[in-house]
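Descriptive structure summary
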Amino acid sequence: SLSAGLDLPGRFLFATLTLMTLIAILVFIEEAVYIYRKIPSSKRSIIIWINAAAPVISTTSCIGMWVPRSTMFTDFTAGIFFAIVIHKFLMMMIKECGGQKMLLRRFENGRFTISTGPCCCCCLCLPRVPITRQTLFWLKLGTFQFAVFRPVLIFLSIVLWTNGNYVLYNLSPKGPALWISCFIGALTLFALWAVGIMFRKVRILLKCKNIIPKFALYQFIVILNHLQTTIINIFATQKIIPCAPPLSSTARGSYIAQQLLIMEMFLITVISRVVYRRKYHDLEPPECAPEEPRDKKQPP
C-alpha cells in the first residue's frame, strides 16, 4: 500500500497536507454558512461557487495524492468544476454592477477594450467594441461555452482512456490526447479573454467591492491549476524530474504537482475568506437610476 511504502518524513508530509485540506474544507463550509446568511440571494450561489474553487482543487489533489490511480479522474473533476467557476466569475462582475440592465445603463456610451490578454494583448490595433446587449451576450457565451464543452471533452477523454486509446502523456499527432488538449486550451483562452475584457471595464467601478484582489485570487487559481501543473508534467515526461523507484518520472511529477496545489489552495482559501467576508453593502457603487428621481424631487 501507499502508506506502507512511505518513510517517516513522507508520512508526516502526507498527514500535514491532508490536515491542510481538511482545514480548507472547514474554512469553506464556515464561509458558505456566512454567505448564505448575510449575502442577498441574487449573489449567494455565485459567490459560494467561486469560493469553492480552491477547496475543491485541494480536495481532488489530496485524493489523487493518496490514491495515485485516481489522478486522471481527480484532475478531470477539478477541471470541470473550475470551468464552471470561470463563467460564475464573469456573472459575479455583472451582478456586482447591479445586473445587466444597470451595467448597460452605466456604460451606455462606453466601449469594451478587446486588446487584452490572454488572446489579444499584443493586438493594440483592434477596435473598441460598443457595450450593448449583444456584446454582453458574446462575453457570457465565451465563458459559457467553456463550462459546457470542457466537461463534454473530458467525458470523451475518459471514455477513450477506459478503452485504452487515450494516453495522457502521449502527445503524438496520431493520438487523441494532443488534439483534445489543444481544443481544450483554445476554449480556455477564449473564456479567460472574455473575463479579462469585462474586468478591464468594471475594475474602477467595482474597486469599492475589492474586485481587484478577487480577480487576483481567481488568476492565481488559473495559473497554479493549469500552467504550473502543465509545466511540471512536461518536465516529468522529458525526464527532467528524475524517477525515484518505485515512482516513475511521470508519477513523481504528478505527486509534486498535487502537493504544491494542496498548499497553494489552502492559502488561497484562507485569503478568500478575508476578501469575500467583508460587508460590501455600505460600499455600493453609485446607482444611476435612483439618483435622478431624487434630484428631481429636491427643488419642490
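Residues numbered from 1 in each chain as written. Predicted model: local features only at pLDDT ≥ 70, side-chain atom pairs only at ≥ 80, totals over all residues. Heavy atoms only, no water.

This part is about helix α2 (residues 41-66). Between the first and last C-alpha of α2 there are 38 Å, a value that for 26 residues agrees with the 38 Å anticipated at 1.5 Å per step. Considering bend angle alone, the principal kink of α2 is centred on Ala53 and spans about 35°; proline Pro55 follows within four residues of it. (Helix = DSSP H or I, 4+ residues; strand = E, 2+ residues; numbered from the N terminus. Expected span 1.5 Å × (residues − 1). Bend = angle between axes of the 7 residues up to and from the residue.)

Under the counting rule described, the total for this entry stands at 2 cavities of 30 Å³ or more. Volume-wise, the largest cavity comes out at about 80 Å³. What lines the largest cavity is simply Ile50, Asn51, Ala53, Ala54, Val85, Lys214, Leu217, Tyr218, Ile221, Ile268, Ser272 and Tyr276. Sorting the residues of the lining of the largest cavity by element identifies α2, α7 (211-237) and α8 (249-277) as the ones contributing at least two each. A per-class count over the lining of the largest cavity returns 9 nonpolar, 2 polar and 1 charged. By volume, the second largest cavity is sized at about 30 Å³. What lines the second largest cavity is Val27, Phe28, Glu31, Asn51, Thr269, Ser272 and Arg273. Of all the elements in the fold, those that place two or more residues in the lining of the second largest cavity are α1 (8-38) and α8. In terms of residue class, the lining of the second largest cavity is built from 2 nonpolar, 3 polar and 2 charged. (1 Å grid on protein atoms, 1.4 Å probe; cavity = no way out; pocket = protein on both sides within 12 Å on 5 of 7 lines; lining within 4 Å. Points joined across faces, edges and corners; volume = space filled by probe spheres on them. Nonpolar A, V, L, I, M, F, W, Y, C, P; charged D, E, K, R; others polar.)

Let us look at the packing of aromatic side chains. Here the structure, examined in full by the defined rule, presents 11 aromatic pairs. Where Phe14 meets Tyr255, the ring centres are 6.2 Å apart and the plane angle is 55°; that geometry is what we call tilted. Pair noted here: Phe14 is in helix α1 and Tyr255 is in helix α8, with a separation of 241 residues, a long-range link. We note that Phe14, like Tyr255, is buried. Ring geometry for Phe89 and Tyr218: centres 4.6 Å apart, planes at 10°, overall stacked. Pair noted here: Phe89 is in helix α3 (residues 71-96) and Tyr218 is in helix α7, with a separation of 129 residues, a long-range link. The same class applies to Phe89 as to Tyr218, namely buried. What links up through ring pairs into an aromatic cluster is the set Phe82, Phe89, Phe199, Phe215 and Tyr218. Over the ring of Tyr36 we find Arg44, and its NZ or CZ is 4.6 Å from the ring centre. (Phe/Tyr/Trp six-rings, centres within 6.5 Å; stacked < 30°, edge-to-face > 60°. Buried < 20%, exposed > 50% of the residue type's maximum accessible area, 1.4 Å probe, protein only. Lys NZ or Arg CZ within 6 Å of the ring centre and 35° of its normal.)

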